[in-house]
Amino acid sequence: MEIKILVENATYRKGILAEHGLSVYIEAAGKKILFDAGQTGALMQNAAAMGVDLAEVELAVLSHGHYDHSGGFPAFAALNKNAPIYLRKEALGEFHSMKRDGSPGGYVGISWSPEERSALASRLEFAEGVASLGEGLFLFNVPGGAEAGGSTESFLEREAGGGFRTDPLLHEQFLAIEEDGQLFLFSGCSHTGAAPMLRRAGELFPGKKIRFLLAGLHLVRSSRQEAEQMAALLAAMELTVAPLHCTGMEAACLLKERLGERCLLLHAGDVLSF
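Asker: So what's going on with the sheet that holds strand β4 (residues 59–61)? Residues and values would help.
Answerer: Strand order in the open sheet formed by seven strands is β8-β5-β4-β3-β2-β1-β17, and the pairing between neighbours is mixed. Of all strands in the sheet, those bounded by a partner on one side alone are β8 (124–126) and β17 (271–273). When the angles between neighbouring strand axes are averaged without regard to direction, this sheet yields 25 degrees. Bridge count for strand β1 (residues 2–7) against β17 is three bridges, and the pairing is antiparallel. Within the sheet, the bridge partner assigned to Lys4 lies in β17 and is Val271.

Below, the structure written as structure tokens:
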């Protein structure tokens, strides 16, 4: 398995762009996979600089319907004419941040223009439940979304009648790759909570050791106690974790301190092999 970080919040490599977002290129299970596409078209320049031919990607995944994970898909689809883009149908909703008083804040949903949405329509494949993308490749979600009890931040979703409700986060999904009897998990932001996601993976793949988790863990606004709890959970599971994007620098450093070599602090332009 080879993993290349195409887009992340930070980079230290010349010729690589950084932005608030996430995009990861994966070669595993005999497939070339794009997991998320960042906020803009930055993945295109970074992929070229890293020797990744996005035209050869065979399938793409959108982890959830937020702008910083979906914005690069129009540019990707203009180059790659065949790869389906797997998402939850709920990801096409209208999402906003929530202010402290519970009112709608800024728009955080998919930012495709009407023309881009039309051009991408035939490429979108709506995943449901546990979806198999081929041997050793699966998409899954946390049933109940935010109701599962692990949501790390509240967002708002516009309803058909024009009002708003708390986003149930049914649009979030995770990628599981099985190789040699072990699981490699990928999460864009873990909005429904990393702990419920890891429990769900254990239920779906009993007997399979979770070896690696690459994820935005959404600890950027969490307390130190919450970060400590996450570190304890990951340490007990004896897995390797790459905390990216919305994990936050303070939490990522704490995880590195607690997990040592089993915590990989990666940036845009980095490459990882198993």
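Asker: Just give me the short version of helix α6 (residues 224–237), but keep the residues and values in it.
Answerer: Taking 1.5 Å of rise per residue, the 14 residues of α6 would be expected to cover 20 Å, and the 20 Å separating its terminal C-alpha atoms lies within 8% of that figure. Among all positions in α6, only Ala227, Met230, Ala231 and Leu234 are buried. Buried residues of α6, seen end-on, are gathered within an arc of 100 degrees and therefore sit on one face of the element. With respect to the buried face of α6, the exposed residues turned more than 90 degrees away are Gln225 and Ala236. The inward-facing, buried residues of α6 abut α5 (194–204), β15 (209–216), β16 (240–244) and α7 (249–259). Directly after α6, the chain includes Glu238, whose backbone phi takes a positive value near 55 degrees.

Asker: Which residues make up the packing of aromatic side chains, and what are the values?
Answerer: Summed over the entire model, instances satisfying the criterion amount to nine aromatic pairs. Ring geometry for Phe35 against Phe186: centres 6.2 Å apart, planes inclined by 50 degrees, an arrangement best described as tilted. Placement of Phe35 in strand β3 (residues 31–35) and of Phe186 in strand β14 (residues 182–187) is noted, with a sequence separation of 151 residues between them. For the pair shown, Phe35 and Phe186 are each scored as buried. Pairing Phe212 with Phe274 gives two aromatic rings, centres 4.8 Å apart and planes at 55 degrees, and the pair type is tilted. Here Phe212 is found in strand β15, whereas its partner Phe274 is found in the segment after β17, with 62 residues between them in sequence. For Phe274, a relative accessible area of 32% corresponds to the partly exposed category. Ring pairing ties together the aromatic residues Phe35, Phe184, Phe186, Phe212 and Phe274, which thus form one cluster.

Asker: Give me the pairing of β14: which residues, what numbers.
Answerer: Two faces belong to every sheet, and in a regular strand the side chains alternate between them. Within β14, five of the six residues are buried, which leaves it mostly tucked inside the rest of the structure. Relative to β14, strand β13 (residues 174–179) runs antiparallel, the two sharing five bridges. Within β14, the position partnered with Glu179 by the bridge is Gln182. Joining the antiparallel neighbours β13 and β14 is a turn of two residues, in which Asp180 adopts a positive phi near 55 degrees. The pairing of β14 with β15 spans six bridges and is parallel.

Asker: So what's going on with the sheet that holds β14? Which residues, and what values?
Answerer: Taken together, six strands build an open sheet; the order of strands is β9-β10-β13-β14-β15-β16 and the sheet is mixed. Bordering the open sheet on either side are β9 (131–134) and β16, each of which pairs with just one other strand. Mean inter-strand twist for the sheet, computed between neighbouring axes without regard to direction, equals 20 degrees. Note: β15 against β16, five bridges, orientation parallel. Considered in β16, the bridge of Gly216 is made with Leu244. Its contacts with the sheet place α5 against β10 (137–140), β13, β14 and β15, and it is angled at close to 145 degrees to β14.

Asker: Go over the packing of α5 against α6, please, and point to the residues and values.
Answerer: Contact geometry for α5 and α6: axes closest at 11 Å, N-to-C directions at 20 degrees. The pairing of α5 with α6 is recorded here as roughly parallel in orientation. For the crossing formed where α5 meets α6, the hand is left-handed. Two secondary-structure elements touch here, α5 through Ala194, Ala195 and Leu198 and α6 through Met230, Leu233, Leu234 and Met237.

Asker: How would you summarise the environment of Lys81 if you had to cite specific residues and measurements?
Answerer: Its place among the elements puts Lys81 in the loop between α3 (73–79) and β5 (85–87). Along the backbone, Lys81 and Val7 are 74 residues apart, and their C-alpha atoms lie at a distance of 21 Å. Polar contacts involving the side chain of Lys81 include one to the main-chain carbonyl oxygen of Ala78, which spans 2.6 Å.

Cut-offs and rules
- Residues numbered from 1 in each chain as written.
- Predicted model: local features only at pLDDT ≥ 70, side-chain atom pairs only at ≥ 80, totals over all residues.
- Heavy atoms only, no water.
- Pairing = 2+ DSSP bridges.
- Helix = DSSP H or I, 4+ residues; strand = E, 2+ residues; numbered from the N terminus.
- Axes fitted to C-alpha atoms, helices over the stretch in contact; angles between N-to-C directions.
- Expected span 1.5 Å × (residues − 1).
- Buried < 20%, exposed > 50% of the residue type's maximum accessible area, 1.4 Å probe, protein only.
- Arc of directions from axis to C-beta.
- Contact = heavy atoms within 4.5 Å.
- Phe/Tyr/Trp six-rings, centres within 6.5 Å; stacked < 30°, edge-to-face > 60°.
- Parallel < 35°, antiparallel > 145°, perpendicular 65-115°, else oblique.
- Left-handed = near helix turned anticlockwise from the far one by under 90°.
- Polar contact = N/O pair within 3.5 Å; in protein donor to acceptor, adjacent residues only side chain to side chain.

The quantities given are spatial measurements derived from coordinates; they are silent on function.
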